[in-house]
Amino acid sequence: QAYNCLIHFYKRIMADSAEQHRVFLNKPLDLLNSLHCKVTVSSVRGEKVTGGLLAVDPVTDTAVIVELEDSEASESDSLGNHNVTVVPFVNWNSMEVIDASDTFKKYVNSFHSEQSQSSDMSEEDLAKAKEKVTNWLSKNGLKIAARGEDLIIADAVILQPPFTAESCSATNEIILSRVQSILKCIPAE
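Residues numbered from 1 in each chain as written. Predicted model: local features only at pLDDT ≥ 70, side-chain atom pairs only at ≥ 80, totals over all residues. Heavy atoms only, no water.

**So, the nonpolar core**
At step 1: The biggest cluster of nonpolar side chains holds 17 residues, and the ones touching the most others in it are Val39, Val41, Leu53, Ile65, Trp92 and Met95.
At step 2: When residues of this core are traced back to their parent elements, those giving at least two are α3 (28-34), β1 (38-42), β2 (48-57) and β3 (62-67).
At step 3: The element contributing the most residues to this core is β2, with 3 residues. (Core = buried A, V, L, I, M, F, W, Y, C linked by side-chain atoms within 4.5 Å. Buried < 20%, exposed > 50% of the residue type's maximum accessible area, 1.4 Å probe, protein only. Helix = DSSP H or I, 4+ residues; strand = E, 2+ residues; numbered from the N terminus.)

**Some remarks on the side chain of Thr62**
At step 1: Position of Thr62 relative to the elements: it lies in strand β3.
At step 2: Overall, the relative accessible area of 16% leaves Thr62 in the buried class.
At step 3: A distance of 2.9 Å separates polar atoms of two side chains, one belonging to Thr62 and the other to Thr60.
At step 4: Discounting chain neighbours no more than four positions away, the residues touching Thr62 are Ala55, Val56, Asp57, Val86, Val87, Pro88, Val90 and Trp92. (Polar contact = N/O pair within 3.5 Å; in protein donor to acceptor, adjacent residues only side chain to side chain. Contact = heavy atoms within 4.5 Å.)

**Regarding the confidence of the model for the protein chain**
At step 1: Per-residue pLDDT for the protein chain has a mean of 78; in total, 75% of the residues score no lower than 70.
At step 2: Taken as a whole, residues 114-118 scores under 50 in pLDDT and shows 7 contacts with residues more than four places along the chain or in a different chain. (pLDDT = per-residue confidence, 0-100.)

**Thoughts on the sheet that holds β3**
At step 1: Here 5 strands make up an open sheet; going across it, the order is β4-β3-β2-β1-β5 and the pairing antiparallel. Of all the strands in the sheet, the pair left with one neighbour each is β4 (83-87) and β5 (96-99). Each adjacent strand pair in this sheet contributes to an overall mean axis angle of 45°, direction not counted.
At step 2: As defined by bridge partners, β1 adjoins β5 across 3 bridges and the pair is classed as antiparallel. In the sheet register, Lys38 faces β5, and the bridge partner there is Asp99. (Pairing = 2+ DSSP bridges. Axes fitted to C-alpha atoms, helices over the stretch in contact; angles between N-to-C directions.)

Now the structure itself:
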């Protein structure tokens, strides 16, 4: 009987602690959908920052924001021309999405593209690579959805052209590394 009381006590303590830990309260899909959008985030210290959401870390509640002017983007625009702010201790519940348009997302995402390997692939080669990757990931049991030029894998990973292991991003590092390891195993033609 003392054993049963100990088990019930342990279950109650574990359930209470799991409900209270902030990592379990974050909504990774909402964070993923907000990636590259224009947002306003607030830290627990009350600081507000508005800009393009470059990256999120739901474990440490950190956001990386690129502060953008309201003016039009130019061809020569680069990340070096903007302030980048790391906002620690973000209160995700107070995050406000201001602009989720595809145009804005593409603009903010272009900052990632300038840092990743640039692709000189033709449209035809990109289409072949996209199809090859889609078939390989499906063969490995992963759900793939197309969103513009990108592929969304298992509602958690964004795969961008040129569709290599180095061109994916995610809010969950464990899922990202597993998808990257699958992508690295694509057989050569």
